[in-house]
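Structural description and commentary
For reference, the chains in residue letters:
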Amino acid sequence: MPPRKTNRPSKKDEGLARTDNNLKNHSWPIVYPINQKNFYTDYLKRDDQALVWRQRSELPRPEREAKDRGLMPDGEPEKDSIGADGKEDEEHPEVWGSRVIIIHPGSRNLRIGRASDALPKTIPNVIARQNAQSEWEEDPHPRPKRLRTEEESRDDIEDTGDNTPHRRTRGSRKSTTLAEKEPPYAESSFQTLFNEISQELKMQMRQNKRRVLPNSREGVINHNKKYVPENIKEHNDPYRAEWTSVETNLLHFVGHEALHIADNSHPRYKLFWPLRDGVFNEHDYVSKRRWHEDVTVILRESFSRELGIGPEDYEGLSAVFVIPDLYDRIYVTEMLDLLLREFRFSQVCLFQESVAATYGAGFSSACIVDIGAQKTSISCVEEGMVIPDSRLNLKFGGDDVSTTFMQMLLANSFPYSDINLLRRYDYLLAEDLKVKYTSLNEADVVVQFHNFHVRAPGEETIKYGFKTYDEVYLAPFSLFYPGILDTNDKLRGRRSLWERSYDLYDDVPNDPVSLAQNSLHRPATATVNEDIDMTDDTGFGISNRPGSTGLTVPTTSESTPKTPHTGSPIPEEALEVPEGLNVAAIGNSHSKAGGSDPGDPDSENEVLPMLPLDLAIIESIRYAAKGDEKRSKDFFSGILLVGGGSLTAGFNHLLEERLIRQKGSLGNLTISSPPRELDPQVLVWKGASVFGKLTSTNEVWIKQSEYDILNSRVLPYKTLWMW
Ligand SMILES: Nc1ncnc2c1ncn2[C@@H]1O[C@H](COP(=O)(O)OP(=O)(O)OP(=O)(O)O)[C@@H](O)[C@H]1O
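On a predicted model such as this, the values are computed, not experimentally measured, just so you know. (Residues numbered from 1 in each chain as written. Predicted model: local features only at pLDDT ≥ 70, side-chain atom pairs only at ≥ 80, totals over all residues. Heavy atoms only, no water.)

1. What about the nonpolar core?
- Grouped together as the largest cluster of nonpolar side chains are 74 residues, with contacts concentrated most on Ile617 and Ile639.
- Broken down by element, the residue count for this core peaks at 8 residues, all from helix α19 (residues 613-625).
- Apart from the residues lying within four places of it in its own chain, the contact partners of Ile639 are Cys367, Val369, Ile617, Ile621, Leu659, Leu669, Thr670, Ile671 and Ser672. (Core = buried A, V, L, I, M, F, W, Y, C linked by side-chain atoms within 4.5 Å. Buried < 20%, exposed > 50% of the residue type's maximum accessible area, 1.4 Å probe, protein only. Helix = DSSP H or I, 4+ residues; strand = E, 2+ residues; numbered from the N terminus. Contact = heavy atoms within 4.5 Å.)

Laid out in structure tokens, this is it:
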């Protein structure tokens with residue numbers, strides 16, 4: 001029988017601690033491990049051992065309640081609190097929620113307001129700072145990127161007389177002459193894909209018994225080539241653009257003012273957007289300090305201008321800060337630090353976007369599809385909790401639609417060929433054209449004539465006319481066909497300022513993980529999906545799914561796995577992999593940032609997550625349902641579209657059609673828009689404001705005193721989800 005193991009030091013061990021002369025070589029007592037079999041502790045297992053709960057329970061009841069409701073700033077005596085005694089202060093007629101500020105920052109828009117307000121104030125999330133050059137002067141490549149042959153450039157210059165009203169004389173001319181040096185964003189591959197989806201759209205329209213006139217595109221191109229723009233004298237233009245006056249020589253402007261500074265102003269200003277693709281903008285910033293400063297200035301000035309809240313008020317206010325579902329841990333801790341240390345709000349609460357959307361819409365469970373300007377996030381929420389594995393964060397949105405629309409127009413000889421989205425007036429123009437003319441209704445795919453005015457600062461207004469055909473449909477359709485998007489710039493500079501957050505003890509990245517998101521990183525050759533049972537849990541097993549996700553009505557595909565090829569964003573091949581959605585290959589084969597290992601979601605260099613929107617929704621629901629058909633049906637019958645990108649006409653209908661085509665007959669499919677005619681762009685803010693007014697949410701507020709002691713370690717106690 002082998003000798004029994006005990007915790008007592010063996011003779012051999014003891015010998016190590018002693019030298020030959022039997023004297024110890026150190027005087028440290030040796031601590032031997034406890035025998036786990038006979039050991040029990042309730043350390044950190046009871047609420048009364050956590051500082052945050054103990055502090056609260058030690059307060060007298062009225063004070064505790066006043067604090068929980070955000071009525072009394074942390075640390076102030078009871079008599080100073082407003083409304084704590086149930087009476088109203090004359091200065092602050094106690095509208096419920098008026099002392100809670102809701103902050104929802106986005107890549108393009110910042111939404112702020114008091115919880116008592118019906119709607120938020122929307123401010124462009126941008127700051128203009130004095131700089132030697134504007135952003136378009138710093139970057140020689142116009143957006144959308146072009147690849148002109150030398151011959152074309154020469155022809156252009158020869159053809160254009162001095163008196164043509166094209167923007168030949170402006171600094172932007174530089175961009176055209178530098179065209180040959182541009183990175184080879186494959187215009188030819190863009191053109192091929194454009195032609196491909198255009199053909200498929202035609203076929204689909206014919207199937208739907210719509211009339212497709214031959215040579216429509218050629219007609220549009222011929223018209224646009226021949227169009228001669230018209231100069232309009234300044235006094236004849238009633239809608240002259242109002243540019244922000246920079247005579248005051250201020251060092252910075254924020255929001256609308258920043259966006260309306262003339263590109264050629266003296267002094268020059270450069271725009272900085274603190275968030276890019278829904279995360280830190282590390283592409284345009286050179287230091288963390290400058291980023292902090294910019295965020296602080298944007299928030300401070302927006303509070304003061306839009307809400308009439310000055311720095312002296314912050315200590316009496318609580319803030320609900322809306323964060324993405326699949327957040328960067330560092331981003332959350334930095335923002336929390338900013339709000340509690342820099343602004344010194346009395347207390348702060350973190351709230352996830354998709355949960356906020358369900359609060360706003362009054363749903364208890366739903367699949368939230370949030371199409372923003374630069375990111376699209378999809379999450380399934382059940383009974384007020386996000387299902388962690390269902391979260392997807394894709395790096396495309398409304399901005400990509402604008403760029404693609406311009407690119408398609410340029411491919412069809414758009415008369416304003418010099419458009420450059422890096423210039424403010426062109427960016428605003430492109431946004432305007434997109435909002436006005438893009439549509440996902442097939443009925444709008446006809447040759448149409450539109451006109452618009454280019455109002456460049458300090459120059460005469462120029463009136464242009466142009467014809468469109470299918471580009472009005474195909475540009476927003478790019479969300480279902482992300483391979484056509486120019487993804488070269490995405491993720492550029494990522495992790496250059498902020499390192500990823502690592503666990504203190506085991507040194508592994510501790511950003512939240514989602515199986516759905518990780519599936520985007522899986523190598524193209526994966527054959528077995530270990531994460532989830534891929535049998536047909538949603539009623540549309542991958543192997544049975546129709547082969548094409550393009551526009552045409554699909555045919556059943558064979559089930560041989562193939563390696564997807566770079567040019568095709570349509571995941572025909574991916575769908576054919578029987579054991580799992582081979583999504584990594586769909587968007588990443590052409591858009592990997594850096595030389596990362598796509599199979600490793602934790603690898604330093606990130607892989608750009610891209611997936612057609614309809615497939616992404618299916619993927620998210622599949623991971624949420626985990627094989628339970630009823631749950632899957634519930635999520636399909638409660639898809640909620642939010643975010644500005646979902647505002648394109650016909651979006652709901654097209655998404656519905658494509659999902660039905662993908663998943664076959666599986667109960668009800670309902671794609672809802674926000675109720676009560678709420679703008680989908682503000683629904684998340686609205687939901688957070690509902691939450692901010694609840695009285696039973698005291699456990700999620702992080703107070704100054706707690707933060708002072710525990711810092712971000714307070715978060716595991718104060719989040720609605722597993723931090
Ligand atoms: N009527 C409309 N039709 C089409 N697109 C629209 C419309 N209105 C707004 N958008 C687009 O919605 C986007 C802005 O949406 P939203 O404010 O939800 O984004 P964000 O929160 O700033 O960005 P993100 O969620 O990416 O961080 C812009 O790209 C804008 O062009």
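2. Observations concerning the environment of Lys233
- Looking at the element boundaries, Lys233 is found in the loop between β5 (230-232) and β6 (252-254).
- Sequence separation between Lys233 and Glu459 is 226 residues, and the spatial gap between their C-alpha atoms is 9.2 Å.

3. Examining the packing of α19 against helix α20 (residues 629-636)
- Packing of α19 against α20 brings their axes to within 8 Å, and their N-to-C directions diverge by 140 degrees. As summarised for this structure, α19 and α20 are arranged oblique, according to the angle between their axes. As α19 runs across α20, the sense of the crossing is right-handed. Of α20, the residues touching α19 (which contributes Ile618, Ile621, Ala624 and Ala625) are Arg631, Ser632, Phe635 and Phe636.
- Tallied by class, residues from the contact of α19 with α20 come to 6 nonpolar, 1 polar and 1 charged. (Axes fitted to C-alpha atoms, helices over the stretch in contact; angles between N-to-C directions. Parallel < 35°, antiparallel > 145°, perpendicular 65-115°, else oblique. Left-handed = near helix turned anticlockwise from the far one by under 90°. Nonpolar A, V, L, I, M, F, W, Y, C, P; charged D, E, K, R; others polar.)

4. A word on the sheet that holds strand β20 (residues 702-703)
- Read from one edge to the other, the open sheet built from 6 strands follows the order β3-β2-β1-β10-β11-β20, with strand pairing classed as mixed. Edge positions in the sheet fall to β3 (121-124) and β20, since each has one partner strand and no second.
- Its contacts with the sheet put helix α12 (residues 353-361) on β1 (100-105), β10 (318-323) and β11 (347-352), and the angle it makes with β11 is roughly 85 degrees.
- Contacts from helix α22 (residues 683-693) reach β1, β2 (109-114), β10 and β11, with the element oriented near 155 degrees to β1. (Pairing = 2+ DSSP bridges.)

5. Focus on the environment of Asp370
- Among the secondary structure elements, Asp370 is positioned in strand β12 (residues 366-371).
- Expressed as a C-alpha distance, the spacing of Asp370 and Gly644, which sit 274 residues apart in the sequence, is 8.3 Å.
- Apart from residues no more than four positions distant in its own chain, Asp370 is found in contact with Glu353, Lys375, Thr376, Ser377, Val642, Gly643 and Val684.

6. Some points on the pairing of strand β13 (residues 376-382)
- Across the 7 residues that make up β13, a large majority, 6, are buried.
- Here β12 runs beside β13; their pairing, made up of 6 bridges, is antiparallel. Opposite Asp370, over in β13, you have Ser377 as the bridge partner.
- Between β12 and the antiparallel strand that follows it, β13, lie 4 residues.
- Linking β13 to strand β14 (residues 385-386), which pair antiparallel, is a turn of 2 residues; within it Glu383 sits at a positive phi near 45 degrees.

7. What about the site of the ligand?
- Looking at the ligand, there are 20 residues lining it, with Ser107, Asn109, Gln374, Glu431 and Lys434 nearest.
- Here an oxygen atom of the ligand and a side-chain polar atom of Glu431 are 2.5 Å apart.
- In this structure, Lys434 approaches the ligand through a side-chain N or O atom, which is 2.5 Å from an oxygen atom.
- Here the ligand loses 89% of its free accessible area of 660 Å² to cover by the protein chains.
- Those elements that provide at least two residues to the shell around the ligand are β2, α13 (398-411) and α14 (424-437).
- Looking at the shell around the ligand, the element that brings in the most residues is α14, giving 3 residues.
- Among the residues making up the shell around the ligand, the classes are represented as 3 nonpolar, 11 polar and 6 charged. (Near = heavy atom within 4 Å. Polar contact = N/O pair within 3.5 Å; in protein donor to acceptor, adjacent residues only side chain to side chain. Areas by Shrake-Rupley, 256 points an atom, 1.4 Å probe, with all protein chains shown as cover.)

8. Thoughts on the packing of aromatic side chains
- Per the stated rule, a full pass over the model turns up 32 aromatic pairs.
- Each ring, one from Tyr359 and one from Phe691, has its centre 5.7 Å from the other, and the planes form 80 degrees; the classification is edge-to-face. Pair noted here: Tyr359 is in helix α12 and Phe691 is in helix α22, with a separation of 332 residues, a long-range link.
- Looking at Phe691, the relative accessible area reads 2%, which means it is buried.
- Plain terms: the ring middles of Phe477 and Tyr481 are 6.3 Å apart, the flat faces sit at 35 degrees to each other, and that makes the pair tilted. (Phe/Tyr/Trp six-rings, centres within 6.5 Å; stacked < 30°, edge-to-face > 60°.)

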